[in-house]
Amino acid sequence: MHQFPKDIGWIEVICGSMFSGKTEELIRRVQRAVYGKQKVQVFKPRIDNRYDETSVVSHSKLRVTSTPVERAEEIFYRLAPDTQVVGIDEVQFFGTEVVAVVEALANKGLRVICAGLDQDYQGRPFEPMPQLMAVAEYVTKELAICVVCGNPANRSQRIVSSGERVVVGAAGAYEPRCRKCHVPEPSEGTPPQTLELFD
Ligand SMILES: Nc1ncnc2c1ncn2[C@@H]1O[C@H](COP(=O)(O)OP(=O)(O)O)[C@@H](O)[C@H]1O
Ligand SMILES: Cc1cn([C@H]2C[C@H](O)[C@@H](COP(=O)(O)O)O2)c(=O)[nH]c1=O
Ligand SMILES: [Zn+2]
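Residues numbered from 1 in each chain as written. Chains lettered and ligands numbered in written order. Predicted model: local features only at pLDDT ≥ 70, side-chain atom pairs only at ≥ 80, totals over all residues. Heavy atoms only, no water.

S.K.: What exactly am I supposed to notice about the coordination of the zinc ion (ligand 3) here?
M.R.: Donor atoms from the polypeptide that coordinate the zinc ion (ligand 3) comprise Cys146 (SG), Cys149 (SG), Cys178 (SG) and Cys181 (SG), at 2.3 to 2.4 Å from the metal. Seen from the zinc ion (ligand 3), its 4 donor atoms lie at angles of 102 to 118°, and the figure they make is tetrahedral. On the primary sequence, the residues serving as donors to the zinc ion (ligand 3) are separated as C-x2-C-x28-C-x2-C. Here Cys146 is found in the loop between strand E9 (144-145) and strand E10 (152-153), whereas its partner Cys181 is found in the segment after strand E12 (174-177), with 35 residues between them in sequence. For the pair Cys146 and Cys181, one class covers both residues: buried. (Donors = N, O, S within 2.8 Å, 3.2 Å for Na, K, Ca; no water. Tetrahedral: all angles 85-135°; square planar, octahedral: opposite > 155°, others 65-115°. Helix = DSSP H or I, 4+ residues; strand = E, 2+ residues; numbered from the N terminus. Buried < 20%, exposed > 50% of the residue type's maximum accessible area, 1.4 Å probe, protein only.)

S.K.: Mind showing me how you'd approach the environment of Ile27 here?
M.R.: Topologically, Ile27 is positioned in helix H1 (residues 22-35). Once the C-alpha coordinates of Ile27 and Ser161 are considered, the two residues, 134 residues apart in sequence, prove to be 31 Å apart.

S.K.: Mind showing me how you'd approach the site of ligand 1 here?
M.R.: Around ligand 1, a shell composed of 15 residues is seen, among which Phe19, Lys22, Thr23, Glu24 and His59 lie nearest. Note that an oxygen atom of ligand 1 is positioned 2.8 Å from one of the backbone N or O atoms of Phe19. A distance of 3.1 Å is found between an oxygen atom of ligand 1 and a backbone nitrogen or oxygen belonging to Ser20. About the coverage of ligand 1: the protein hides 74% of its 580 Å² of free accessible area. (Near = heavy atom within 4 Å. Polar contact = N/O pair within 3.5 Å; in protein donor to acceptor, adjacent residues only side chain to side chain. Areas by Shrake-Rupley, 256 points an atom, 1.4 Å probe, with all protein chains shown as cover.)

Structural measurements only, silent on function.
Okay, here's the thing in structure tokens:
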């Protein structure tokens, strides 16, 4: 990846649609930091209790231990004095207050890796992601595969009926779709395909 600077902190943002691999990439980066003998702490918003109350878990079942927090500022109180790398998953669930928290950590010299949805189910920018992307040193955008047509997918189709912006869920509530197949209003899900591998 990048040639990281020494002696200063920085912010990395991993964004994209649901199922695009944001959490897998976050776990990969924190795992490599652990191999590098760095002291790492991972946080997530407590509201994300989808697969586990405490661990961060990807749709493919990779997992890493984390500390769930109610509000972004709580990260300061939970931070160990020797922590060098902070990972934050589902960062879109924190308000814009998370931007100041992440900046303060980076200014203190920490590497901060944030993963989150850049668009809501209607395809609108999901605050605070635009603000985080603006102040980050590194931004990576992941893409899933559209379940309707097989093209790269940058949107998350809601397939349960709700007009609330925040509805925690996974498969059964959302599916990844490309811009051609996505519709901003909740709609019926695509029949699941069986995974067929050829030899
Ligand atoms: N349509 C899809 N496109 C891509 N990956 C998918 C799809 N459906 C399920 N997956 C699974 O989701 C995994 C990514 O999970 P995860 O890292 O939790 O994504 P995100 O955090 O972006 O929602 C993929 O490696 C794959 O196993
Ligand atoms: C599009 C959209 C998603 N959510 C929720 C659904 C999930 O709980 C998370 C995203 O998880 P992932 O790791 O990216 O798969 O966000 C929401 O509340 N509102 C939305 O518009
Ligand atoms: Zn499509």
